[in-house]
Structures are given as structure tokens and as C-alpha cells.
Amino acid sequence: MNGVFLLLGTNLGNKTENLQKALNLLQNSEVHILDLSSVYQTAPWGKEDQNWFLNMVVKVDSTLSPESLLRHCQDVEQRLGRKRIEKWGSRIIDVDILYYDDIEINQEDLTIPHPGIAMRKFTLIALDELVPDEIHPILNLTQKEMLRVCPDELECSLTDIQIEI
């Protein structure tokens, strides 16, 4: 896998505005946004009795270490009002590190590649849009191949929402 990829998701408040604000806060002198997927409306995954989500994948270039990038992503979440109340619960914004090049990390608070990639259609659809032929460093499958065999059957649809960088 070449590049650093983040997943943004939101299902509270003005969801389009939440994504835009998160991108604005993510980008700084150490994190430069290179590319964006389309925005997808997705059924909630893990806890289904909540609002639908808007999700997108962002490719970034960063001089931050994976651990520092995680802290930066968590800072963006906090600045936008994220409260961690329940796993897979509603959130104003969620910023996950999906990939950091071919780096593999398995720590208590950080796992890269993100362990849910192959199980979440909404993540794979956006990755397939940006980098269909890039290979997962552990599973040794492309994003397109993982999407083809993904067991997730929850609804995920393309929106016409435009996000600016």
C-alpha cells in the first residue's frame, strides 16, 4: 500500500459540514490532503439503531509518525465535539487511520492497517474508488478484491455531496 489513508464518518448534526470542518482541521503543516473519495451515505455498522452515516476516505501525505497522526486525528475529533460514549455509537465525527503505507502496528490504542477494512463495505467502496489495485499489506489482496468478497450487506450509496480541500 502506498500512502496514508483516513476514514471520516459522521451521523450527527450537519453531516456535510462535519466532514468539511474535519478536513479543514486535519490539514496543517504536517498533514497535506492529496485526494478525496466521494461521499457515501451508509447504514450504521455495528449498532444499527441510529442515524445513517456519511463516510469518505481521504489520502494524505504526512510527516507525522503513525502515533502522532492518531493523536492529531483524535484532537480533530475533540475539537469538533466528539464524545466517546459507546462503541459504534452515534458521533459528530470519527477519523480512523486505515493505512499508513505498508506499516503494520498492533498496539493497544493503534492498529494499522485498521482491522475493520475487509469487513466494511463503505470503507472498501471508497478505497476502491481511490486505489483499487493497492494491496493490503497483511491480507495480500487489492481493495477491489476485498470489496468483491466483503461479507457486509448493509446499504451504501453514492451521494452528490461535494467536499472542498
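Quantities reported herein were computed from a predicted structural model and do not represent experimental measurements. (Residues numbered from 1 in each chain as written. Predicted model: local features only at pLDDT ≥ 70, side-chain atom pairs only at ≥ 80, totals over all residues. Heavy atoms only, no water.)

**Quick look at the overall build of the protein chain**
Along its length, the protein chain carries 4 helices and 8 strands. Traced from its N-terminal end to its C-terminal end, the protein chain shows the element sequence β-α-β-β-β-α-β-β-β-α-α-β. In terms of overall size, the protein chain behaves like a compact globule, its C-alpha atoms giving a radius of gyration of 15 Å where 165 residues would be expected to give roughly 15 Å. Each principal axis of the C-alpha atoms in the protein chain carries an extent, and together these give about 40 × 40 × 30 Å. Out of the 165 residues in the protein chain, the part that is buried amounts to 48%. Once local pairs closer than 6 in sequence are excluded, the contacts in the protein chain between residues at least 24 apart make up 71%. In the form shown here, the protein chain has an accessible surface area of approximately 8,400 Å², with 46% of it arising from carbon and sulfur atoms. Distance from the positive charge centre (15 side chains) to the negative charge centre (27 side chains) of the protein chain: 6 Å. (Helix = DSSP H or I, 4+ residues; strand = E, 2+ residues; numbered from the N terminus. Rg over C-alpha atoms; globule rule 2.2 N^0.38 Å. Buried < 20%, exposed > 50% of the residue type's maximum accessible area, 1.4 Å probe, protein only. Contact = heavy atoms within 4.5 Å. Areas by Shrake-Rupley, 256 points an atom, 1.4 Å probe, with all protein chains shown as cover. Lys, Arg positive; Asp, Glu negative; His and termini not counted. Charge placed at Lys NZ, Arg CZ, Asp CG, Glu CD.)

**A look at the pattern of salt bridges**
Counted by the stated rule, this structure contains 6 salt bridges. A salt bridge links Lys 144 to Asp 128; the shortest N-O distance between them is 3.2 Å. Of this pair, Lys 144 sits in helix H4 (residues 143-149) while Asp 128 sits in helix H3 (residues 121-130), and the two are 16 residues apart along the sequence. According to the relative accessible area criterion, Lys 144 is partly exposed, its value standing at 36%. (Salt bridge = Lys/Arg side-chain N within 4 Å of Asp/Glu carboxyl O.)

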